[in-house]
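The primary structure of each chain is shown beneath.
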Amino acid sequence: MRSIRLALFLCLISAVPLLAQTSTTSVRGTIADPSGALVAGAQISLTNTADNSVTNGTSDKSGLFAFPQLAPGTYLITVTAPGFAPSTKQAQLLVNQPATINFQLGVQSTQTVNVSAEAQTLNKTDASIGTALDNQVLQALPAEGRNVPDLLSLQPGVLYLGRGVSKDSDSRTGAVAGARSDQGNVTLDGLDDNDQTQGYAFTGVLRSTIDSTEEFRVATVNSDAQGGRSSGAQVSLVTKSGTNNFHGDAFEYYRPSFTVANNWFNKQAQLANGLPNVPGKLIRNTFGGAVGGPILKDKLFFFFNYEGQRSAENTQETRTVPTDNYRAGLLSYLDDNNATHTLTQSQFAQIDSPCVAAGGCPNGPGPNPNVLQYFSLYPHANTGGGDNLNTAGFTFSSPSPSTLNTSILKFDYNLHDKHHLFVRGNLQKDVTAQSEQFPGQGPSSTRVDNTKGLAGGDTWLLTTSLINDLRYGYIRQGYADAGTLTQDYVHFRAISNINPQTSTTTVNVPVHNIIDNITWTHGNHTFQGGVNWRLVGNNRSTNANSFNSASTNPDWIGSSIPDPSAVNGYPVGGGFSTQYLFAYANLIGTVPELDNVYNYKVNAGGATASQLADGTSILRQYRANEFEWFLQDSWRPLPNLTLTFGLRHTILQTPYETNGQQMSPQVDTDAWFKQREIAAQQGQVYEPLISYAPSGPAVGRPGYWPKQKLNLAPRFSLAYSPDSKTSIRAGFGMYYDHFGQGIVNSFSDTGSFGVSTGLTNPAGVYDWSTSPRFTGINNLPNIDVGPAPPATTTFPYTVPDGSFLITWGLSNKIKTPYSESIDASVQRLLPGGFTLETAYVGRLGRHLMQQLDLASPTDFVDPQGGGDWYNAIRQLSVISDQSQGMTHPEDATVAPIPYFEHMFPQMAFNGNSATQNIYTLEVAPNRYNY
């Protein structure tokens, strides 16, 4: 019976048009006579001053009226009742900002009263906290780059670290009232406008210009049940419409370079090299215009906006390059007294001479002529950097121009008094060049963005108390980063590549979004409900992991540092040993490390995969359905008291690769992680080998994690107005996060076992004399990395026993993160147009996502009674802290620790066991001293 009732309920829900988050507004209020008694049956007429469209209603038996679904704009509200004079008020109703406007009728005619300020300021309807701004305010506020969602940073409770802080480097920027920054929700005309994969704050996929935005609102805390998709800020933007009068504007903003100060590092480099003090370019030219008006008066309207921006901006870049001595084959270093010593080419060749007998230096010992030729391609150092002896910095102001184009066209049609339709189209074409690797080379990569969108809607007034709103939106976020990487390459440690090795990535993310809504006003109740469906695609092609590479990495050399004291009497100082190691390896051109990649494409059925050719771009095409519905009742038991009860249900399908190009472990990873810790607590090792195979609906197997079907989020709010200038509000709600696309992107890049394999030769195979040497930047050495993977592989694939991997995992029991949000606030209108609002906001996060290093040592318990790993390490940590003030901390006394003696019998001890002072743990290839 339970399943039958559930099925019947879902059928009823699907048969009724419901409500999703839209870009509308609402107004409600009471109508009273001069004595304060409420007037029933009064006629209310709302006239939109832009297009003369009229909406009519009637006050109920309690004198209440409500218009829950209105297009934002300026309205004349006229009330008439038998025996009373008409009363008219003008109010500007802002997007998602409920307004309360009360009328007291008189017996004599009255003038029109403008109550826009009050209507915009006080929220007497729900517990949401936020601010709505109209176009006049948007035009007046300073906005860097004229990006409207950036105004989110002006809201209380928003963490904003400035435009200079990369959103990739610090994800905190844009966090709102404790909600993570990627949980913001941006809607344009009520439809989804979010970056589905990155989720950056302050960012809509379709660019809304200041001249195209009619209104903008941010709800930072406790939106009601109709606001959703995520637990962060709800950002709503409304596109302008045409009116009965022609309006237009044209503009150009020009910022020249003569107002720009030089970058400090660029200035110092110029002065040090006798060059004039010339700052980099910073030219921004923003221009465009807008025009709107009637096609058919009172019926059909249009609005068009174009904005272009041409930027010629320089960024300061610093690279690490060889010094003049180093590029001439001279190697310098510091001794223990920080004195500088420089090896001549002949001295350097003497140190390297064992390579002759070993046959490892076909060009002779000493500086590698191929390396010197490569070093000659670098510009000369002009600032500090590197080790400041063999390598230094080269700083320069690099051009990074951009061209941005935005076109927006919207049509509005009043079919008749019952229907209002609109269609909007957006087109962007942006080209942004990234900074140069070195001057004169051209951009290191170029991004081309051709994002576009289409939206349409129909608002249908079925009766004066029943309104339906249907909308459809399509956004195709598309961009390509064209890099320079086209072949295999060799990388020099601690020196910048002479040419940028940037990959090429192409991305398009199509999103279909359908919402349908209905609002029914019945007595002192306003019932709402809604559905919101999104079909999200995620198509990516990249060659970031498609080429083999090699490195001069000296850590792969299996012998000690070559000692120069044999030829000049001065050993390398301990503080300079790492820099010396890099410099020595680079100058002789040892290339001891080879990193080969092997990519596969899963064949139909998911049983086998075929190897792709070197350099082939990897294609992934993910898809996911997302569905949300809600029910809500806004009840006014008293004219000045509103109680809102709501429930929102979110169902997020796990994204899946449509061609079966996704891999998952063939074990319960959640249970595997937990069992590993349980075994460690019992002094047992639990590390069984894991197999991988294609997964997801495309191959008829489970996905990365199960779909969450019970994400039910209740909402409650209270709004009380003891007088016309005060609003007291409180609310509680659960809010589920939006996630999935970003996780599968990361896991696809780093965890595609069986379809992407990297093989690297073991460290320590070569010494300084036998290591292959550099012959050209695109010439990889002939190094055995082990048996090449087969041309065709079968599944399940098991990682070979004994393999060394640093890789990623993904729990198969992921649960949707959610927050419990609480707020209480008081608003008060003050004289002079000021409003004071004081609020408490609380948030409790649950099941929040995090990355953990599960390969770190577990708290393994010594079966022989020596305690556990954490306590043993803690003892050493305490001794280390206590020895920091000693002249020779290596002489600190360390009593024998039973845990290490039991668990690591291969330890080498210095001194007798009674006064042990050093633990040396040898676990190849590392050596740990305690």
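Refer to the structure printed above.
Residues numbered from 1 in each chain as written. Predicted model: local features only at pLDDT ≥ 70, side-chain atom pairs only at ≥ 80, totals over all residues. Heavy atoms only, no water.

Engineer: So what's going on with a nonpolar patch on the surface? Which residues, and what values?
Structural biologist: The grouping of Val291, Ile295, Leu296, Phe304, Leu409, Phe411, Val423 and Leu454 at the surface amounts to a nonpolar patch, some 640 Å² of accessible area in total. Among the secondary structure elements, those contributing two or more residues to the nonpolar patch are β16 (282-296) and β21 (402-416). Counting residues per element, the nonpolar patch draws most heavily on β16, at three residues. You can see Leu409 is positioned in strand β21. Classification of Leu409 by relative accessible area gives partly exposed; the value is 34%. (Patch = residues over 30% accessible without salt bridge, like charges linked within 9 Å, V, L, I, M, F, W, Y side chains within 5 Å. Areas by Shrake-Rupley, 256 points an atom, 1.4 Å probe, with all protein chains shown as cover. Salt bridge = Lys/Arg side-chain N within 4 Å of Asp/Glu carboxyl O. Helix = DSSP H or I, 4+ residues; strand = E, 2+ residues; numbered from the N terminus. Buried < 20%, exposed > 50% of the residue type's maximum accessible area, 1.4 Å probe, protein only.)

Engineer: Go over the pairing of strand β19 (residues 340-343) with me, naming the residues and quoting the values.
Structural biologist: Side chains His341 and Leu343 of β19 all project onto a buried face; the interleaved residues Thr340 and Thr342 project onto a face where none is buried. Bridging between strand β18 (residues 331-334) and β19 involves four bridges; their strand directions are antiparallel. Residue pairing for β19: Leu334 is matched across the bridge by Thr340. Here β18 folds back onto β19, and the loop between the two strands holds five residues, one of which, Asn338, carries a positive phi near 65°. (Pairing = 2+ DSSP bridges.)

Engineer: Explain the state of the cysteines to me, and be specific about the residues and the numbers.
Structural biologist: A complete count under the given rule lists one disulfide for this structure. The residue that forms a disulfide with Cys355 is Cys361, at a sulfur-sulfur distance of 2.0 Å. Taking the torsion about the S-S bond as the criterion, the Cys355 to Cys361 disulfide, at about 85°, is right-handed. This pair shows no difference in class: Cys355 is buried, exactly as Cys361 is. (Disulfide = S-S within 2.5 Å.)

Engineer: An account of the sheet that holds strand β10 (residues 129-134) is requested, with residue identities and associated values reported.
Structural biologist: Strand order in the open sheet made by the five strands is β10-β13-β14-β11-β12, with mixed pairing throughout. Where the open sheet ends on each side, the last strands, each with one partner, are β10 and β12 (191-192). Here β10 runs beside strand β13 (residues 213-221); their pairing, made up of six bridges, is antiparallel. Of the residues in β13, the one forming a bridge with Leu133 is Phe216.

Engineer: Please provide a residue-by-residue account of the packing of aromatic side chains, values included.
Structural biologist: Here the structure, examined in full by the defined rule, presents 29 aromatic pairs. Judged by centre distance (6.5 Å) and plane angle (45°), the rings of Tyr374 and Phe375 are tilted. Each of the two residues, Tyr374 as well as Phe375, counts as buried. Between Tyr374 and Phe492 the ring centres are 5.2 Å apart and the planes differ by 15°, which places this aromatic pair in the stacked class. Of this pair, Tyr374 sits in helix α8 (residues 369-375) while Phe492 is found in the loop between β27 (489-491) and β28 (505-522), placing the two residues 118 residues apart along the sequence. By relative accessible area, Phe492 is classed as buried at 2%. Put simply, the rings of Tyr326, Tyr374, Phe375, Tyr378, Phe394, Phe396, Phe438, Phe492 and Phe774 touch in pairs and so form one group of aromatic residues. Against the face of Phe422 rests Lys410, its NZ or CZ located 5.3 Å from the ring centre. Arg447 extends its terminal NZ or CZ atom over the ring of Tyr479, reaching a point 4.0 Å from the ring centre. (Phe/Tyr/Trp six-rings, centres within 6.5 Å; stacked < 30°, edge-to-face > 60°. Lys NZ or Arg CZ within 6 Å of the ring centre and 35° of its normal.)

Engineer: Give me the sheet that holds strand β9 (residues 113-114): which residues, what numbers.
Structural biologist: Backbone-to-backbone hydrogen bonds join strands into a sheet, with any given pair of strands oriented parallel or antiparallel. Across the sheet, five strands lie side by side as β3-β2-β5-β6-β9; this open sheet has mixed pairing. Sheet topology places β3 (54-58) and β9 at the edges, where each strand pairs with a single neighbour. Inspection of the sheet shows strand β2 (residues 43-48) paired to strand β5 (residues 73-80) by six bridges, in the antiparallel sense. Residue pairing across strands places Asn48 opposite Tyr75, the latter belonging to β5.

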